[in-house]
Amino acid sequence: MADTPPLNVSTWKEAVEFAPGVHWIGALDPTLRTFDIILKTANGTTYNSYLVRGSEGVAIIDTVKEGFEDEFFRRLESVARYDEIKVIVLNHLEPDHSGALPELMRRAPQARLYISTRATSMLKALLRPNREEPFEYTTVTTNDRVSLGDRHLRFLHTPFLHWPDTQCTYLEEEQVLFSGDIFGCHYCDVRLFNDRVGDFRFSFDYYYAHIMRPFKQWVMEALALIEPLKMKIVAPTHGPILRERPRRYVAHYRELSTSTLSREIGDTNKSLIIFYMSSYGNTARMAEAIYSGADTVEGVRVSLYDLEGGEVAPFVDLIEDADALLFGSPTINGDAVKPVWDLLSSLAVVNLKGKIGAAFGSYGWSGEAVRMVEDRMRGLKMRVPREGLRVKLIPTQEELDECTGLGREIANILVGKEEQRGVIEFSDLT
Amino acid sequence: MAKAKITFEDIHQTVNVPAGTRIIEISEKIGAGVIYGCREGDCGTCMMEVTEGWNNLTEPSVLEEKVLRENMAGRHNRLACQAQILGDCKVKPA
Ligand SMILES: Cc1cc2nc3c(=O)[nH]c(=O)nc-3n(C[C@H](O)[C@H](O)[C@H](O)COP(=O)(O)O)c2cc1C
Ligand code: FES
Ligand SMILES: [Fe+2]
Ligand SMILES: [Fe+2]
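A brief report on the enclosed structure follows. All of these numbers come straight from a predicted model, not from anything done at the bench.

1. So, the overall build of chain B
Along its length, chain B carries two helices and five strands. The C-alpha radius of gyration computed for chain B amounts to 12 Å, which stays within 12% of the reference 12 Å derived for 94 residues, consistent with globular compactness. Here chain B holds 94 residues, and the buried ones make up 48% of them. Pairs at least 24 residues apart make up 61% of the contacts formed inside chain B by residues separated by at least 6 positions. When the 11 basic and 13 acidic side-chain charges of chain B are each reduced to a single mean position, those positions are 3 Å apart.

Okay, here's the thing in structure tokens:
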């Protein structure tokens, strides 16, 4: 028997059927190198769109980015007529998947659009420039179903992964999960399927790290809906279709979303980390005093790091798993020092909300650093319950005792021994 | 000026505010767990639960009612970017 030629979707311009009546009708973007400003990709990406045929109509799940419509419509037309389309689903409204929606709705005006309950306001804002009259649409949430006759699509509400309106769509009869950007990656390969393409493991992890990582708790909630499903195939909106052992990728998401620290030391210990920079050792002395104060509190694991001795990436990992963060910086030329800012400007990939923060530092005459770092922490949605400590040049024993006190207080807040100060006055909030 | 106390239950913090203050003006500054999206009463991201003093917030507007309905809000849910404080109340993220 002759081998069938390998699949190459850059020359094959029609739909690719990968389960009975389930087709890939996406587009390739092999030359893309930067996505959404924050992501790099060494070999482009794909915009995966899917078509499902039922006995009573056709569903389209997600479309492609603007500029890639021709490829998408050509593949679509190879397997369906526009008047057969009954259902259009957008798993989230980001333009890389909604770009062809206006034209698709024009060609298939009878189709009904299904979006998540959180997508309403975005739909209006996204389509504003293109159209006057709004689309007819239905909002759906977990366990809502839509029928294509002999086949049914079921929705899973999986918000914030990575847009507020994210959902997944599950084809019950074929056990295919159309997962949107979840389980996706920027990796363009004409062979399309995970068992055929090149080594995309790095791209998969990189995509998770930059897109999903800030939303770990939401990943856990989504996994609670996804894991019980019977799954033959996971079909994301970017990168390879996961048809060989799709569950591995689901399990990997759970692993990536579980904090390493809590796995190692148990959930009962709180982690408090002190980061500092120091030129003459003054801020370093303060850091050590804070360390010794915090370390007296039971149930808190305290760590002390000199920023000079480390690199940003592992510190970001530490910060992600920490409960309280204290930053020490001297004031140099009216500002906190660069290693502190480098770290504080590298935290977009982790969720800091509600972590407790404090700042400290030695200064010579003006001492701006501590307030600036506190403002930055507040800007990052951390809670700054105590005013930071500023010490003029060499700290006295009395000032070091204050540092010890600050360390103890922050640690006590972490374990709930010290409540927030009674009632705050609105006018005191900066 | 009339004052009122609002408690953010997730972080056990009470703030004394002038009547008429919007919850969004306080919650972010003290690091409470309410998340914001559009900040203009459209997206429903900032939904919170009012656990006490339900009647001590301004009445929801027609638009807020609509957004709450679309987001399947419970009986005591409000949008933190819209609700203004008139008297003592307690809230937590929904
Ligand atoms: C180049 C340089 C610039 C400085 N600029 C400022 C400044 O703008 N404002 C200030 O309060 N102190 C300034 N200082 C003083 C330091 O903040 C002070 O020496 C501090 O104690 C250093 O702490 P450290 O030994 O922990 O690094 C400056 C020091 C140096 C060496
Ligand atoms: S933040 Fe969008 S409704 Fe309040
Ligand atoms: Fe996206
Ligand atoms: Fe995407």
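Having put the structure on the table, let's press on.
2. Remarks on the site of ligand 1
All names here are of chain A. Neighbouring residues of ligand 1: 18 residues in total, closest S279, T283, T331, G334 and S362. Here an oxygen atom of ligand 1 and a backbone polar atom of W365 are 3.1 Å apart. In the complex, 82% of the free accessible area of ligand 1, which totals 650 Å², lies under the protein chains. For the shell around ligand 1, the secondary structure elements donating two or more residues are helix 9 (282–294) and strand 20 (356–363).

3. A word on the coordination of the iron ion (ligand 4)
Residue and element names in this part refer to chain A. Protein ligation of the iron ion (ligand 4) involves D96 (OD), H97 (NE2), D181 (OD), D181 (OD) and H238 (NE2), the donor distances falling in the range 2.2 to 2.8 Å. Spacing between the donor residues of the iron ion (ligand 4) along their common chain follows D-H-x83-D-x56-H. Here the iron ion (ligand 4) and the iron ion (ligand 3) are spaced 3.0 Å apart, linked through D181, which binds each one. In this pair, H97 is assigned in helix 2 (residues 95–98) and H238 in the loop between strand 16 (233–236) and helix 7 (247–257), connecting sequence segments 141 residues apart. The same class applies to H97 and to H238, which are both buried.

4. Comments concerning the coordination of the iron ion (ligand 3)
Residue and element names in this part refer to chain A. Taken together, H92 (NE2), E94 (OE), H162 (NE2) and D181 (OD) make up the full set of protein donors to the iron ion (ligand 3), lying 1.9 to 2.2 Å away. If you look at the iron ion (ligand 3), its four donor atoms make angles of 88 to 169° with each other, and the shape they trace is irregular. Counting gaps between the donor residues of the iron ion (ligand 3) yields the pattern H-x1-E-x67-H-x18-D.

5. Side note on the side chain of N77(B)
With respect to the helices and strands, N77(B) occurs in strand 4 (residues 77–79). If we skip the residues at most four places from it in the chain, N77(B) touches M47(B), M48(B), E49(B), W54(B), L68(B) and A94(B).

6. Some details on unusual backbone geometry
Of note, the bond from L161(A) into H162(A) is cis; its omega dihedral lies within 30 degrees of zero at 5°. Its location among the elements puts H162(A) in the loop between strand 13 (152–157) and strand 14 (167–171). Even without glycine at this site, D62(A) takes up a positive phi of about 65°. For D62(A), the position within the fold is in the loop between strand 8 (57–61) and helix 1 (69–77). The buried category is assigned to D62(A), whose relative accessible area is 2%. At R39(B), a position not held by glycine, the phi torsion is positive, near 65°. In this fold, R39(B) is placed in the loop between helix 1 (24–27) and strand 3 (47–52).

7. Side note on the packing of helix 9 of chain A against helix 13 (residues 397–414) of chain A
Residue and element names in this part refer to chain A. One way to put it is that helix 9 packs onto helix 13 with a least axis distance of 6 Å and a crossing angle of 45°. The pairing of helix 9 with helix 13 is recorded here as oblique in orientation. The two elements helix 9 and helix 13 cross, and the hand of that crossing is right-handed. Between helix 9 and helix 13, the contacting residues are R285, M286, A289, I290, S292, G293 and A294 on the first element and L400, C403, T404, L406, G407, R408 and A411 on the second. In terms of residue class, the contact of helix 9 with helix 13 is built from eight nonpolar, four polar and two charged.

8. Overview of the packing of helix 5 (residues 201–212) of chain A against helix 7 of chain A
Residue and element names in this part refer to chain A. At a minimum axis separation of 12 Å, helix 5 and helix 7 run at an interaxial angle of 50°. Judged by the inter-axis angle, helix 5 sits oblique to helix 7. The handedness of the crossing between helix 5 and helix 7 comes out as right-handed. In this structure, helix 5 contributes F204, D205, Y208 and M212 to the contact, and helix 7 contributes Y249, H252, Y253, L256 and S257. The class makeup of the residues in the contact of helix 5 with helix 7 is six nonpolar, two polar and one charged.

9. Examining the environment of A235(A)
Residue and element names in this part refer to chain A. As for its placement among the helices and strands, A235 is situated in strand 16. For A235, a relative accessible area of 1% corresponds to the buried category. Other than its neighbours up to four places away in sequence, A235 contacts F18, Y50, V176, L177, F178, S179, G180 and I241.

10. Let's talk about the pattern of salt bridges
Residues and elements named next belong to chain A. Applying the stated criterion to the full structure yields 27 salt bridges over all chains. Note that D189 is salt-bridged to R191, the shortest N-O span being 2.9 Å. R378 is paired through a salt bridge with D375; the nearest N and O atoms lie 3.3 Å apart. Placement of the pair is R378 and D375 together in helix 12 (residues 369–379), with a separation of three residues, close to one helical turn. Assessed through its relative accessible area of 24%, R378 is described here as partly exposed. Connected through shared salt-bridge partners, E77, E103, R106 and R107 make up one network.

What counts, and where the lines are drawn
Residues numbered from 1 in each chain as written. Chains lettered and ligands numbered in written order. Predicted model: local features only at pLDDT ≥ 70, side-chain atom pairs only at ≥ 80, totals over all residues. Heavy atoms only, no water. Helix = DSSP H or I, 4+ residues; strand = E, 2+ residues; numbered from the N terminus. Rg over C-alpha atoms; globule rule 2.2 N^0.38 Å. Buried < 20%, exposed > 50% of the residue type's maximum accessible area, 1.4 Å probe, protein only. Contact = heavy atoms within 4.5 Å. Lys, Arg positive; Asp, Glu negative; His and termini not counted. Charge placed at Lys NZ, Arg CZ, Asp CG, Glu CD. Near = heavy atom within 4 Å. Polar contact = N/O pair within 3.5 Å; in protein donor to acceptor, adjacent residues only side chain to side chain. Areas by Shrake-Rupley, 256 points an atom, 1.4 Å probe, with all protein chains shown as cover. Donors = N, O, S within 2.8 Å, 3.2 Å for Na, K, Ca; no water. Tetrahedral: all angles 85-135°; square planar, octahedral: opposite > 155°, others 65-115°. Axes fitted to C-alpha atoms, helices over the stretch in contact; angles between N-to-C directions. Parallel < 35°, antiparallel > 145°, perpendicular 65-115°, else oblique. Left-handed = near helix turned anticlockwise from the far one by under 90°. Nonpolar A, V, L, I, M, F, W, Y, C, P; charged D, E, K, R; others polar. Salt bridge = Lys/Arg side-chain N within 4 Å of Asp/Glu carboxyl O.

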